[in-house]
Amino acid sequence: MSEVPTIRVVDVHKRFGSLEVLKGVSFEVHRGNVVSMIGASGSGKSTLLRCINHLETPTTGDIFIEGESLCFRGDAAGSRAPRPLSEINRMRRDLGTVFQQFNLWPHMTVLGNVIEAPNRVRGLSRKAAAQLGGECLARVHLEDKALEYPARLSGGQQQRVAIARALAMQPKVMLFDEPTSSLDPELTDEVLGVMRELAADGTTMIVVTHEMGFAREVSDRVMFLHNGLIEEEGPPDQMFGAPKSERFRQFIAKYLY
Amino acid sequence: MGNWQRLVWNQRDALFSGLVVTVEICLIAFACAIVGGLLLCLIRMYVRPLRPVAIVLIEFFRATPILVQLLWVNYAWPALFGWPDTFFTAAWVALALQSSGYLAETFRGGIEAIPRGHREAAYSVGMRPMLVFRRIILPQVALSTAPSIVNQFTVIVKSSTLVSVITVQDLMFESQRIVNIWYEPIEMLTATAAIYIIIVFLVSTAGKALSDMLRRRFGIAAA
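Here the structure is a predicted model, which means the values were calculated and not measured.

> How would you explain the pattern of salt bridges if you had to name every residue and give the values?
Per the stated rule, a full pass over the model turns up 26 salt bridges over all chains. Arg83 of chain A is the salt-bridge partner of Glu87 of chain A, the closest N and O atoms lying 2.5 Å from each other. Take Glu87 of chain A and Arg83 of chain A: they sit in the same class, and that class is buried. Salt-bridge contacts for Asp212 of chain B lead to Lys208 of chain B; the nearest nitrogen and oxygen are separated by 3.1 Å. Pair noted here: Asp212 of chain B and Lys208 of chain B are both in helix α9 (residues 185-218), with a separation of four residues, about one helical turn. Judged by its relative accessible area of 22%, Asp212 of chain B falls in the partly exposed class. In the salt-bridge network here, residues are joined through shared partners; they are Glu68, Arg73, Arg83, Glu87 and Arg90 of chain A.

> Hey, could you go over the packing of helix α6 (residues 116-124) of chain B against helix α7 (residues 129-159) of chain B for me, with residue numbers and the actual values?
Residues and elements named next belong to chain B. Direction vectors running N to C along α6 and α7 enclose 145 degrees, while the axes themselves pass 10 Å from each other. α6 and α7 meet at a crossing whose hand is right-handed. Within the contact between the two elements, α6 uses His118, Arg119, Ala122 and Tyr123 and α7 uses Pro129, Val132, Ile136, Ile137 and Gln140. Tallied by class, the residues present in the contact of α6 with α7 amount to six nonpolar, two polar and one charged.

> Pulling in residues and values, what's your account of the sheet that holds strand β9 (residues 173-177) of chain A?
All names here are of chain A. As summarised here, the arrangement of the six strands in space is β8-β9-β10-β3-β11-β12, forming an open sheet in which the pairing is mixed. A single partner strand is all that each edge strand has here, and the edge strands are β8 (95-98) and β12 (229-234). If you compare each strand with its neighbour and ignore which way they point, the axes differ by 20 degrees on average. Pairing between β9 and strand β10 (residues 205-208): four bridges, direction parallel. By the bridge assignment for β10, Met174 is matched with Met205.

> Any chance you could break down the layout of surface pockets for me, citing the residues and the numbers?
What the largest pocket holds in volume is close to 290 Å³. Of all the secondary-structure elements, those providing two or more residues to the lining of the largest pocket are α2 (12-46), α6 and α7 of chain B. A total of five residues in the lining of the largest pocket trace back to one element, the largest contributor, which is α7 of chain B. Grouping the constituent residues of the lining of the largest pocket by class yields 10 nonpolar, no polar and three charged. Its boundaries defined by the atoms lining it, the second largest pocket holds a volume of some 240 Å³. Around the second largest pocket, the lining residues are Ser46, Arg50, Phe99, Gln100, Gln101, Asn103, Asp177 and Glu178 of chain A together with Pro115, Arg116, Gly117 and Glu120 of chain B. Of all elements in the fold, only α1 (45-52) of chain A together with α6 of chain B reach the threshold of two or more residues within the lining of the second largest pocket. For the lining of the second largest pocket, the element with the most residues is α6 of chain B, which contributes three residues.

> An account of the packing of α2 of chain B against helix α5 (residues 87-112) of chain B is requested, with residue identities and associated values reported.
Residues and elements named next belong to chain B. Put simply, α2 and α5 touch, their axes get as near as 5 Å, and they point 45 degrees apart. Our classification of the angle between α2 and α5 gives oblique. Relative to α5, α2 is oriented so that their crossing is right-handed. For the contact of α2 with α5, the class distribution of residues is 22 nonpolar, four polar and five charged.

Rules of the game
- Within every chain, residues take consecutive numbers counted from 1 along the sequence as written.
- Going through the entries in the order they are written, you letter the chains from A and number the ligands from 1.
- Whole-chain, interface and lining totals are the exception, using all residues; otherwise, since this is a predicted model, local features are given only for residues with pLDDT of at least 70 and side-chain atom pairs are given and counted only at 80 or more.
- Water and hydrogen atoms were dropped before computing side-chain values, which therefore reflect all heavy atoms in the structure.
- Salt-bridge detection follows one rule: a side-chain nitrogen of Lys or Arg within 4 Å of a carboxyl oxygen of Asp or Glu.
- Relative accessibility under 20% of the residue-type maximum defines a buried residue, over 50% an exposed one, and the middle range a partly exposed one, all with a 1.4 Å probe and only protein chains included.
- The way it works is that DSSP assigns letters per residue, a run of H or I at least four long becomes a helix, a run of E at least two long becomes a strand, and they are numbered from the N terminus.
- Axis definition: a line fit to C-alpha positions, over the contact stretch in the case of helices; interaxial angles, taken between N-to-C directions, run 0 to 180 degrees.
- Handedness of a helix crossing follows the sense of rotation of the near helix relative to the far helix, less than a right angle counterclockwise being left-handed and clockwise being right-handed.
- We call two residues in contact whenever any of their non-hydrogen atoms come within 4.5 Å of each other.
- Here the term charged refers only to Asp, Glu, Lys and Arg, the term nonpolar to Ala, Val, Leu, Ile, Met, Phe, Trp, Tyr, Cys and Pro, and the term polar to all other amino acids, Gly among them.
- A pair of strands counts as paired when DSSP detects no fewer than two bridges linking them.
- Buriedness for pockets is judged along seven lines, at least five of which must meet protein on both sides within 12 Å for an open set on the 1 Å grid over protein atoms alone, while cavities are sets there where a 1.4 Å probe fits but cannot get out, and lining residues have an atom within 4 Å of a point.
- Grid points are joined across faces, edges and corners, and a volume is the space filled by probe spheres set on the points.
- Here the word oblique covers every angle except those under 35 degrees (roughly parallel), over 145 (roughly antiparallel) and from 65 to 115 (roughly perpendicular).

Quick look at the structure:
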């Protein structure tokens, strides 16, 4: 493929003190692709996702968003300097993030949560932002909850609002960090349903998940992380049908039986 | 009832003028304490080089008795700083100082109680730190600390009785002045206590109603 990848992760290492959580991870995500990252707790998948939107700074390595370096700013002379926070904030607008804990702002209505960034960051008028916010809420089937406060919604509804909030910035990629891990099984399905629809619409997505069914059915590619490295990756049918690595075989065995 | 009429009702103008002074001092001190407390809290949390200064001030304001503060501001400050120039000013400054120490810690608790994820969600949509503080942090802190802030106002009202010591003519001052005319304290002091009880009751009832309303509406704000 000759097009510039939407996300390119290059040899990312992340170290917390003496603990090396990521030991050199590289991969690419192209436009319209859905990539699932799976792995045991502590394998580094959430940390990797947090490096991609720079909530964690990689110790070494870099991330490129449509070819633009997230961590460094180069000049014509070829020298590199760490990118200032203001520019990282600008680049983050292209990355919509959905968290395990939803993280809706409780003092704002559902619509307020969704239009905050389009209004204050992107500079849309309240009216234009509300129009956009309504469309985003419609995509997660919550247009009738626009004026409620988050505390009145179920967990699944809150997570769908969080998805709408991320969509409202019209990001190039959606990052999901275990979006269903704090939900009951029946609420999980409504969130996964929305994510399936996004995938079907051609949204570029990176999903950290423990939902093997979702990873298998919806992803274009699955990556299995183990001890800070990509242990195995490939199309889901191949990964789940004929796993190569012993560790991945053990990992999915726990989900199958 | 004759005594009550003579000792209290007939003195109502003096009591009322004292009440006005009390309310003025408390409101000014309260407003300054909120601003001062927020400043101290922000310096302590976010301005690394000035952090020790803020901690020392907060602890000093919290650890000294209000009477000591009052006398210190009233007698030491004019000599040290050439200000305050009136007893009235010294009174609200001292009250504001003490409450700003307490409120600084209240605000810090409120800020630290906000889940880190709320900030991360804001950064993820590209909000700048100042915008995050103004739009995400501060409103939540205001909501969650509102009951404590209201409570601090009742503390100010009660502490304000001490300003009579530096001859500020507040409600307590007027009450004592009248007692000292006839040396018949029972009715007057009972009436004075009743007035303070009513003020504090009204304020704390309003505070309770406020926090109930916040909890119903947002599902946040502790009791």
